[in-house]
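Letter by letter, the chains look like this.
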Amino acid sequence: MSETAELQTSSEEAAELTRKDLNFLGMLADPEEFTMSFPPFYITLFHMLTSFSQKLERYAIGIPRGFAKTTFIKLLCLWYILFSRKQFILIVGASEDLAVNTLSDICDLLGGANIRKLFGNWQHAIEVDTQTLKVFHFRGRNIILRAIGAGTAVRGINRKNKRPDVIIMDDVQKRETSENKELSDQLLKWILGTLMKARSNDGCTYIYVGNMYPQNCILEKLKNNTQWTSFIVGGILADGSSLWEELRPVEELLSEYQSDAEMGHAEIFISEILNSTDIASASGIDINK
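Attention here is on the structure that accompanies the text. Bear in mind the structure is a predicted one, so any value in this text is a computation, not a measurement. (Residues numbered from 1 in each chain as written. Predicted model: local features only at pLDDT ≥ 70, side-chain atom pairs only at ≥ 80, totals over all residues. Heavy atoms only, no water.)

**A word on the pairing of strand 7 (residues 204–210)**
Here is step 1 of the chain: For strand 7, a buried count of 7 out of 7 residues is recorded, marking the element as mostly surrounded by other parts of the structure.
Here is step 2 of the chain: Residues Cys 204, Tyr 206, Tyr 208 and Gly 210 line one face of strand 7 and the alternating positions Thr 205, Ile 207 and Val 209 line the opposite face, and both faces are buried.
Here is step 3 of the chain: Looking at chain direction, strand 1 (residues 56–62) and strand 7 are connected through 7 bridges and run parallel. Note that in strand 7 the partner of Ala 60 across the bridge is Tyr 208.
Here is step 4 of the chain: Bridge analysis of strand 6 (residues 166–170) against strand 7 gives 5 bridges, and the strand direction is parallel. Bridging across to strand 7, Ile 168 finds its partner in Ile 207. (Buried < 20%, exposed > 50% of the residue type's maximum accessible area, 1.4 Å probe, protein only. Helix = DSSP H or I, 4+ residues; strand = E, 2+ residues; numbered from the N terminus. Pairing = 2+ DSSP bridges.)

Here it is as structure tokens:
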């Protein structure tokens, strides 16, 4: 059983640690949930996504199923609210319900006892508080959080004369959609022609988070696009270790692969866990190692 250590530090030191350290941010926001340290890949990705080096930034991220990618995104949004100048975060899910769940969890983190004590009550000056939309003044600026489902009409989505300056697409393409070329093409056209064109003229950080699928994979298209920066990793690394050993031990992953393979569907493990579209790569896994 993990033990939670109590730390003695000043408010200024704690705020600075929260800004710099992803693990400290998680521990502070929800000490019961964040009992494991994020491995190096997540730390590197976090620093990249919080650097804001360009006016327009496009990131395609592939993190295996079951490796806390949505949890990582929630913490990232918490950081944006606390420390960035971003004002309008648009969260897009495969359905509105999934996006609303993510938005609700972000608000739960924002309303945690430690975050409130250190940074104040985000609900003190709230103007709109619905399941799909939060509008409030916090940390010296107006902040808008909006949750929508893929395919939603977003024209005129601006609020307080602001358009989204962060657009997060979290698992908007499901395996079932990827197996249908027409549906996949419709989704991609909506992303490019409707969603991404709704951005703020002052700049935007686009974050697409998903998995690789054998057919019609949007993440693969973005990976091959020169205007997107991609970070795609499998659950089993090149050296045979697990991406996150404490969370998903490699023995557990290999057992899962063997089970899928013996059921005749190794491609599920390859796409969902290895983040690969190459079905032939199954022959490269030696479950005896």
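From this point, the narrative continues.
**Description of the sheet that holds strand 7**
Here is step 1 of the chain: What the 8 strands build is an open sheet, ordered 3-4-5-2-6-7-1-8; its pairing is mixed. Where the open sheet ends on each side, the last strands, each with one partner, are strand 3 (126–129) and strand 8 (229–232). Across the sheet, the mean angle separating the axes of adjacent strands is 15 degrees when strand polarity is ignored.
Here is step 2 of the chain: The sheet strands contacting helix 3 (residues 40–49) are strand 1, strand 7 and strand 8, and the helix crosses strand 1 at an angle near 160 degrees.
Here is step 3 of the chain: The sheet contacts of helix 4 (residues 69–83) involve strand 2 (88–93), strand 4 (133–138), strand 5 (141–149), strand 6 and strand 7, and relative to strand 7 the element is tilted by about 165 degrees. (Axes fitted to C-alpha atoms, helices over the stretch in contact; angles between N-to-C directions. Contact = heavy atoms within 4.5 Å.)

**Quick word on the state of the cysteines**
Here is step 1 of the chain: Counted under the stated rule, the structure contains 0 disulfides.
Here is step 2 of the chain: Left without a disulfide partner, Cys 77 is nearest to the cysteine sulfur of Cys 107, which lies 10 Å away.
Here is step 3 of the chain: No disulfide involves Cys 204; its nearest neighbouring cysteine sulfur is the one of Cys 77, lying 12 Å away. (Disulfide = S-S within 2.5 Å.)

**Some details on the nonpolar core**
Here is step 1 of the chain: Counting 62 residues, the largest nonpolar core has Tyr 42 and Ile 207 as its most contacted members.
Here is step 2 of the chain: For this core, the element with the highest residue contribution is helix 4, accounting for 11 residues.
Here is step 3 of the chain: Excluding anything up to four places from it in sequence, Ile 207 contacts Leu 49, Tyr 59, Ile 61, Ile 73, Leu 76, Tyr 80, Ile 167, Ile 168 and Met 169.
Here is step 4 of the chain: Val 92, Val 128, Tyr 208 and Leu 219 belong to the second largest nonpolar core, which has 31 residues in total. (Core = buried A, V, L, I, M, F, W, Y, C linked by side-chain atoms within 4.5 Å.)

**Topic: the pattern of salt bridges**
Here is step 1 of the chain: Applying the stated criterion across every chain yields a total of 11 salt bridges.
Here is step 2 of the chain: Note that Arg 19 and Glu 16 form a salt bridge whose closest N and O atoms lie 2.6 Å from each other. Residue Arg 19 and its partner Glu 16 are both found in helix 1 (residues 11–20); the two are separated by 3 residues, about one turn of the helix.
Here is step 3 of the chain: What makes Arg 19 partly exposed here is its relative accessible area of 34%.
Here is step 4 of the chain: In this structure Glu 16 comes out as partly exposed when scored by relative accessible area, which is 31%.
Here is step 5 of the chain: Put simply, Glu 272 and Arg 175 hold a salt bridge, and the shortest N to O gap is 3.3 Å. Here the residue Glu 272 occupies a position in helix 11 (residues 266–272), and Arg 175 occupies one in helix 7 (residues 175–178), the gap between them amounting to 97 residues. For the pair shown, Glu 272 and Arg 175 are each scored as buried. (Salt bridge = Lys/Arg side-chain N within 4 Å of Asp/Glu carboxyl O.)

**Focus: the packing of helix 3 against helix 4**
Here is step 1 of the chain: The geometry of helix 3 relative to helix 4 is characterised by a closest axis approach of 11 Å and an angle of 35 degrees between their N-to-C directions. Note on packing geometry: the crossing formed by helix 3 with helix 4 is right-handed. Residues Tyr 42, Leu 45, Phe 46 and Leu 49 of helix 3 form the contact with helix 4, whose own contacting residues are Phe 72, Leu 76, Trp 79 and Tyr 80.
Here is step 2 of the chain: When its residues are assigned to classes, the contact of helix 3 with helix 4 shows 8 nonpolar, no polar and no charged. (Left-handed = near helix turned anticlockwise from the far one by under 90°. Nonpolar A, V, L, I, M, F, W, Y, C, P; charged D, E, K, R; others polar.)

**Examining the environment of Ile 106**
Here is step 1 of the chain: Within the fold, Ile 106 resides in helix 5 (residues 96–110).
Here is step 2 of the chain: Looking at Ile 106, the relative accessible area reads 1%, which means it is buried.
Here is step 3 of the chain: In the structure, Ile 106 is positioned 19 residues away from Ala 125 in sequence and 17 Å away in space, judged by C-alpha atoms.
Here is step 4 of the chain: The residues touching Ile 106, leaving out its near neighbours within four places in the chain, are Lys 74, Cys 77, Ile 81 and Ile 91.

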